[in-house]
Amino acid sequence: MARENVAILGVNVDNSREEFEAYLKDNLIPWPQLYEAGGLDSPLANTLGILTLPTMLLIDKDGKVVSRNLAWRGSRRELRKLLR
């Protein structure tokens, strides 16, 4: 789901594709989801710097991570900065 300079993307690192697919079936999420097995030790989690779950990353229009481990409460302020 994208709007101007912001896109929402989910990252799932469950241990099995079946867990991931079951979650998506039960929880209709309107934005794209990336999946890679392996939990926090997976290459995807390591590449994105995911150390805990859940994790919120804000990535700018150039693909640069501008905020890591952002709390939901602080996300509005950070999103406003990206939307300028």
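Definitions and limits used
- Numbers given for residues are sequential positions, taken from 1 along each chain in its written order.
- Where totals are concerned, whole chains, interfaces and linings use all residues; where local detail is concerned, this predicted model gives features only for residues with pLDDT of at least 70, and gives and counts side-chain atom pairs only at 80 or more.
- Note: side-chain values were computed over all heavy atoms of the structure, leaving out hydrogens and water.
- The helix and strand labels rest on DSSP assignments: H or I over at least four residues marks a helix, E over at least two residues marks a strand, and numbering proceeds from the N terminus.
- Think of it in three bands: with a 1.4 Å probe and only protein chains considered, a residue is buried below 20% of the maximum accessible area for its type, exposed above 50%, and partly exposed in between.
- Here a polar contact is taken to be a pair of N or O atoms separated by no more than 3.5 Å, where protein atoms must pair a possible hydrogen donor with a possible acceptor and residues adjacent in sequence count only if both atoms sit in side chains.
- Here, residues are in contact when the closest pair of their heavy atoms is within 4.5 Å.
- Side-chain atoms within 4.5 Å link the members of a nonpolar core, which is a set of buried Ala, Val, Leu, Ile, Met, Phe, Trp, Tyr and Cys residues.
- Just to be clear on terms, a salt bridge is a Lys or Arg side-chain nitrogen sitting within 4 Å of an Asp or Glu carboxyl oxygen.
- Any Phe, Tyr or Trp ring, taking Trp's six-membered ring, that has another such ring centre within 6.5 Å forms a pair; planes under 30 degrees apart are called stacked, those over 60 apart edge-to-face, and the others tilted.

Caption draft 1: View of the side chain of Asn12. Its place among the elements puts Asn12 in strand 3 (residues 10-12). With a relative accessible area of 10%, Asn12 lands in the buried category. Of note is the side chain of Asn12, whose polar atom sits 2.8 Å from the backbone nitrogen of Asp14. Not counting the four nearest positions on each side in its chain, Asn12 is found in contact with Phe20, Leu34, Tyr35 and Glu36.

Caption draft 2: Inspection of the nonpolar core at higher detail. Counting six residues, the largest nonpolar core consists of Val13, Leu44, Ala45, Leu48, Ile50 and Leu57. Sequence-distant contacts of Ala45, defined by excluding residues within four places in its chain, comprise Val13, Gly39, Leu40 and Ile50.

Caption draft 3: Broad picture of the pattern of salt bridges. All chains considered together, the criterion is met by one salt bridge. With a shortest N-O distance of 3.8 Å, Glu21 and Arg17 are connected by a salt bridge. Of this pair, Glu21 and Arg17 both sit in helix 1 (residues 17-26), four residues apart, roughly one helical turn.

Caption draft 4: Region of interest: the packing of aromatic side chains. In total, this model carries one aromatic pair according to the counting rule given. Relative to Tyr35, the ring of Phe20 lies with its centre 4.8 Å away and its plane at 15 degrees, an arrangement referred to as stacked. Taken together, the residues Phe20 in helix 1 and Tyr35 in strand 4 (residues 33-35) connect sequence positions 15 residues apart. Residue classification places Phe20 among the buried positions, given a relative accessible area of 6%.

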